[in-house]
Amino acid sequence: MKATINNLQIDLSKPIDISIPLTNSDKNPIAWYQNIPEIEPVTMGDWIGKVSEGKSSTNFNNIFFNPHAHGTHTECLGHITREFYSINQCLKQFFFTAELISVEPKSVGEDLIITKEQIEITLGENLPEAIVIRTLPNLETKKHLNYSNTNPPYLEEAAAIFIREKGIQHLLIDLPSVDREHDEGKLLAHKAFWNVKDVNHVNDDARFNCTITEMIYVDDSVKDGSYILNLQFASFENDASPSKPVLYSLE
């Protein structure tokens, strides 16, 4: 099935899923010092909500997870503000032009940093609505890592400002955060991207309809270039939601 979006044609039968599924096993990626997600059947007395146990006609699971710590998730500026803002209220459109770029973070002291210069050079003259950043080396282990206390690569503040000033509304990255793991709560890249100047009293020109999606995985078979992004998420009234970003190649 073909579709035309912004005068660009895509084949809906050929989605490129760049999300990481949530599981209750050691294969699940973890960040922020959490344990693995829990997916367990409901138990009430001697009744177990699991067909294979022979006492239920349905599988009936409870799920306990943290969207920021347990896989691909999309967040709004409510992630860093004192006032509550929900991803379900901030994001009302779901198809965007997108540019996939690959960047090898630079070593600076003990850190690995994605710089403004790298983004500027790799993005070139493209002006997409969304940017998808794949870090190099692109190891398959990204889908299973425990990132806690490993000081993963991150985006420098100037790079986030550059992305904002380019008018890019949606930032997707294959890291647990756009900011340094231990940064004393500064959250410089988050604040720069959303243009939040005061988390206690959000400025009117903050970017309420813009999102950050973290912990994606883009396979090496997917080439850098222009795509259409379908940014799907569950309808949680929360600052963030587990999400399923899908790319479509342009025909």
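To be clear, the structure that these remarks concern was listed above.
The rules we used
- Residues numbered from 1 in each chain as written.
- Predicted model: local features only at pLDDT ≥ 70, side-chain atom pairs only at ≥ 80, totals over all residues.
- Heavy atoms only, no water.
- Helix = DSSP H or I, 4+ residues; strand = E, 2+ residues; numbered from the N terminus.
- Rg over C-alpha atoms; globule rule 2.2 N^0.38 Å.
- Buried < 20%, exposed > 50% of the residue type's maximum accessible area, 1.4 Å probe, protein only.
- Phe/Tyr/Trp six-rings, centres within 6.5 Å; stacked < 30°, edge-to-face > 60°.
- Lys NZ or Arg CZ within 6 Å of the ring centre and 35° of its normal.
- Pairing = 2+ DSSP bridges.
- Contact = heavy atoms within 4.5 Å.
- Axes fitted to C-alpha atoms, helices over the stretch in contact; angles between N-to-C directions.
- Core = buried A, V, L, I, M, F, W, Y, C linked by side-chain atoms within 4.5 Å.
- Salt bridge = Lys/Arg side-chain N within 4 Å of Asp/Glu carboxyl O.
- Nonpolar A, V, L, I, M, F, W, Y, C, P; charged D, E, K, R; others polar.
- Polar contact = N/O pair within 3.5 Å; in protein donor to acceptor, adjacent residues only side chain to side chain.
- Arc of directions from axis to C-beta.

Trainee: Quick question: what am I supposed to make of the overall build of the protein chain here?
Mentor: When its secondary structure is counted, the protein chain shows four helices and 17 strands. For 251 residues, the compact-globule estimate of 2.2 N^0.38 gives 18 Å, and the C-alpha radius of gyration of the protein chain, at 19 Å, lies within 12% of that figure. Each principal axis of the C-alpha distribution contributes one length, and for the protein chain these read about 60 × 50 × 40 Å. Counting over 251 residues, the protein chain shows a buried share of 48%.

Trainee: Honestly, the packing of aromatic side chains in this entry has me stumped. Any pointers?
Mentor: For any pair of aromatic rings, the description rests on two quantities: the centre-to-centre distance and the angle between the ring planes. Counted according to the given criterion, the structure contains six aromatic pairs. For the ring pair Trp32 and Tyr33, a centre distance of 6.2 Å and an interplane angle of 85° mean the geometry is edge-to-face. Its relative accessible area of 41% is what places Tyr33 among the partly exposed residues. When the ring of Phe94 is compared with that of Phe233, the centres are 6.1 Å apart and the planes differ by 50°; the resulting orientation is tilted. Of this pair, Phe94 sits in the loop between α1 (87-90) and β9 (95-103) while Phe233 sits in strand β16 (residues 225-233), and the two are 139 residues apart along the sequence. The ring of Phe193 has Arg207 lying over it, and the distance from NZ or CZ to the ring centre is 4.6 Å.

Trainee: Explain the sheet that holds strand β13 (residues 154-155) here, please?
Mentor: As summarised here, the arrangement of the three strands in space is β10-β11-β13, forming an open sheet in which the pairing is mixed. Here the strands that pair on one side only, and so sit at the sheet edges, are β10 (106-108) and β13. The strands touched by helix α2 (residues 116-123) are β10 and β11 (111-114); relative to β11, the strand with the most contacts, the crossing angle is about 40°.

Trainee: Which parts of the structure should I look at to understand the nonpolar core?
Mentor: Taken as a class, soluble globular proteins show a tendency for nonpolar side chains to be buried jointly. Within the largest apolar cluster, 49 residues are counted, with the highest numbers of intra-cluster contacts made by Ile119, Ile131, Val132, Ile133, Leu155, Ile163 and Leu171. Looking at this core, the elements with two or more residues in it are α1, β9, α2, β12 (130-135), α3 (157-165), β14 (170-173), α4 (188-194) and β16. If you tally residues by element for this core, the top one is β9, at five residues. Ignoring sequence-local partners within four residues, the contact set of Ile119 consists of Ile101, Val103, Ile114, Ile131, Ile133, Ala159, Phe162 and Ile163. Ala3, Ile5, Ile10 and Tyr248 belong to the second largest nonpolar core, which has six residues in total.

Trainee: Got a minute to help me understand the pattern of salt bridges in this structure?
Mentor: For side chains of opposite charge, pairing can occur when their charged atoms come near one another. Counting across every chain of the model gives 10 salt bridges. With a closest N to O distance of 3.5 Å, Lys106 and Glu117 form a salt bridge. In this pair, Lys106 sits in strand β10 while Glu117 sits in helix α2, placing the two residues 11 residues apart along the sequence. Given a relative accessible area of 37%, Lys106 falls into the partly exposed group. For Asp205, the salt bridge goes to Lys197, with nearest N and O atoms at 3.3 Å.

Trainee: Any chance you could explain the packing of α2 against α3 here in plain terms?
Mentor: Two quantities define a packed helix pair, namely the angle between the axes and the distance from one axis to the other. One can describe the packing of α2 onto α3 by two numbers: an axis separation of 7 Å at closest approach and a directional angle of 35°. On α3, the residues that touch Lys116, Ile119, Glu120 and Leu123 of α2 are Ala158, Ala159, Phe162 and Ile163. By residue class, the composition of the contact of α2 with α3 is six nonpolar, no polar and two charged.

Trainee: What should I look at first to understand the side chain of Glu214 in this one?
Mentor: Within the element layout of this structure, Glu214 appears in strand β15 (residues 211-214). Reaching out from Glu214, the side chain makes a polar contact with the side chain of His73 at a distance of 2.8 Å. Of note is the side chain of Glu214, whose polar atom sits 3.1 Å from the backbone nitrogen of Val178. Apart from residues no more than four positions distant in its own chain, Glu214 is found in contact with Gly71, Thr72, His73, Glu75, Ile173, Leu175, Pro176, Ser177, Val178 and His190.

Trainee: Can you walk me through α2 in this structure?
Mentor: Structural remark: α-helix, 3.6 residues per turn; residues separated by three or four positions point the same way. Restricting attention to buried positions, one finds in α2 the residues Gln118, Ile119 and Leu123. Down the axis of α2, the smallest arc covering the buried residues is 110°, so these residues share one side. Its buried side turned inward, α2 meets β9, β10, β11, β12 and α3. Just downstream of α2, Gly124 is the residue with a positive phi angle, here 65°.

Trainee: Sorry, what's going on with α3 here?
Mentor: Residues of α3 that are buried: Ala159, Ala160, Phe162 and Ile163. The buried side chains of α3 occupy one side of the element, clustering within an arc of 160° when seen end-on. On the buried face of α3, the contacting elements are β11, α2, β12, β13, β14 and α4. Gly167 occupies a position one or two residues after α3 and carries a positive phi of about 80°.

Geometric values such as these leave the question of function open.
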